Amino acid sequence: MHYQNQKIRWLIKPALFVISLVPLAVLIQKGLNNDLGANPVETINRFTGDWVLRFLLVTLAVTPLRRLFGWNALLRYRRMLGLFAFFYVCLHFLSYAWLDQYFVLADIIKDVAKRPYITVGFACLLMLIPLAATSTNAMIRRLGARRWQALHRLVYLVGVGGIVHYLWLVKSDLREPLIYGAILAALLGFRLWHRARREPGAVAVAARQALP
Ligand code: HEM
């Protein structure tokens, strides 16, 4: 029985890896079937953008789920989920830089500076780079747990930035970005609540320290 459980445990990671590639496979299949709608560039861009946000939220859900239900095994998959958020943001940026801007660097720079939602999206991409680069065990050891953890708190800012980016780009129907925003607020709010319960006063002190 124990042996069986071990075997299942080893299967979960590769299975999750394959499942995480399904959105990409769906996109490729739609492309091959000429099923990307009237504006294929927009479809690809929106599709990949949605998956960046979904992977970010799933990654951010690991800690609350562990704390609420004791599902500590989830920790084994958090790094991979976070790296998939990075993978999809690379595709998202690539689709923008290639299909929307034809890889003209001057135009990309101008656009990043001019359109606020692109500025925010780009800042999020930049913030995710050091997180992906320090995701190996060797880098965790090199940085030390405390510094590594402090750096990886950037992911909260990326989450907020992702929502702001989405809210800023939609023109009328705010429902979807608001739903994602509510999920993010619950995931981040849980952390504050948990911290306040564990160390009474810590949140108030942190808030006071954050003031100028
Ligand atoms: C963490 C980083 C990012 C996240 C979470 C994110 C997320 C999203 C989401 C959710 C959408 C809307 C999808 C929909 O309408 O269903 C979107 C659209 C878009 N994003 Fe991003 N994005 C990020 C970074 C970037 C970057 C780096 C760029 C380019 C520099 C970018 C450019 C765009 C563009 C051009 C659109 C489409 C706008 C339109 O349809 O008019 N995003 N993104």
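Further up the page is the structure itself.
What you are looking at is a predicted structure, and each value in this text was computed from that prediction instead of being measured.

Conventions used here
- Residues numbered from 1 in each chain as written.
- Predicted model: local features only at pLDDT ≥ 70, side-chain atom pairs only at ≥ 80, totals over all residues.
- Heavy atoms only, no water.
- Helix = DSSP H or I, 4+ residues; strand = E, 2+ residues; numbered from the N terminus.
- Buried < 20%, exposed > 50% of the residue type's maximum accessible area, 1.4 Å probe, protein only.
- Near = heavy atom within 4 Å.
- Polar contact = N/O pair within 3.5 Å; in protein donor to acceptor, adjacent residues only side chain to side chain.
- Nonpolar A, V, L, I, M, F, W, Y, C, P; charged D, E, K, R; others polar.
- Phe/Tyr/Trp six-rings, centres within 6.5 Å; stacked < 30°, edge-to-face > 60°.

**Q** How do you make sense of unusual backbone geometry when you look at a structure like this?
**A** The general pattern is negative phi for most residues beyond glycine and trans for most peptide bonds. For Tyr 102, which is not glycine, the phi torsion reads 50° and is therefore positive. By the element assignment, Tyr 102 lies in the loop between helix H4 (75–100) and helix H5 (105–114). Its relative accessible area of 63% is what places Tyr 102 among the exposed residues. The phi dihedral of Phe 103 is positive, around 60°, even though this residue is not glycine. One can find Phe 103 in the loop between H4 and H5.

**Q** What am I meant to see in the site of the ligand here?
**A** Neighbouring the ligand are 23 residues, the closest being Asn 45, Arg 46, Asp 50, His 92 and His 165. The contact in question runs from an oxygen atom of the ligand to an N or O atom on the side chain of Arg 46, over 2.7 Å. In this structure, an oxygen atom belonging to the ligand sits 3.3 Å away from a side-chain N or O atom of Tyr 166. At the level of secondary structure, the elements contributing two or more residues to the shell around the ligand comprise helix H3 (40–69), H4, helix H6 (116–133) and helix H9 (154–169). When the residues that make up the shell around the ligand are grouped by side-chain class, the tally is 14 nonpolar, six polar and three charged.

**Q** What's the story with the environment of Asp 107 in this structure? I'm lost.
**A** Position of Asp 107 among the secondary structure elements: in helix H5. Separated by 32 residues in sequence, Asp 107 and Leu 75 place their C-alpha atoms 41 Å apart.

**Q** Looking at this structure, I do not really get the packing of aromatic side chains. What am I missing?
**A** Describing an aromatic ring pair means giving the distance of the ring centres and the angle of the ring planes. In the structure shown here, the tally under the stated rule is 13 aromatic pairs. Ring centres 5.2 Å apart and planes at 75° place the aromatic pair Phe 87 and Tyr 88 in the edge-to-face group. Using a relative accessible area of 29% as the deciding quantity, one classes Phe 87 as partly exposed. An aromatic cluster is defined as three or more aromatic residues linked by ring pairs; in this entry it consists of Phe 17, Trp 51, Phe 55, Phe 84, Phe 87 and Tyr 88.

It is worth stressing that arrangement in space is one thing and function is another; only the former is reported here.
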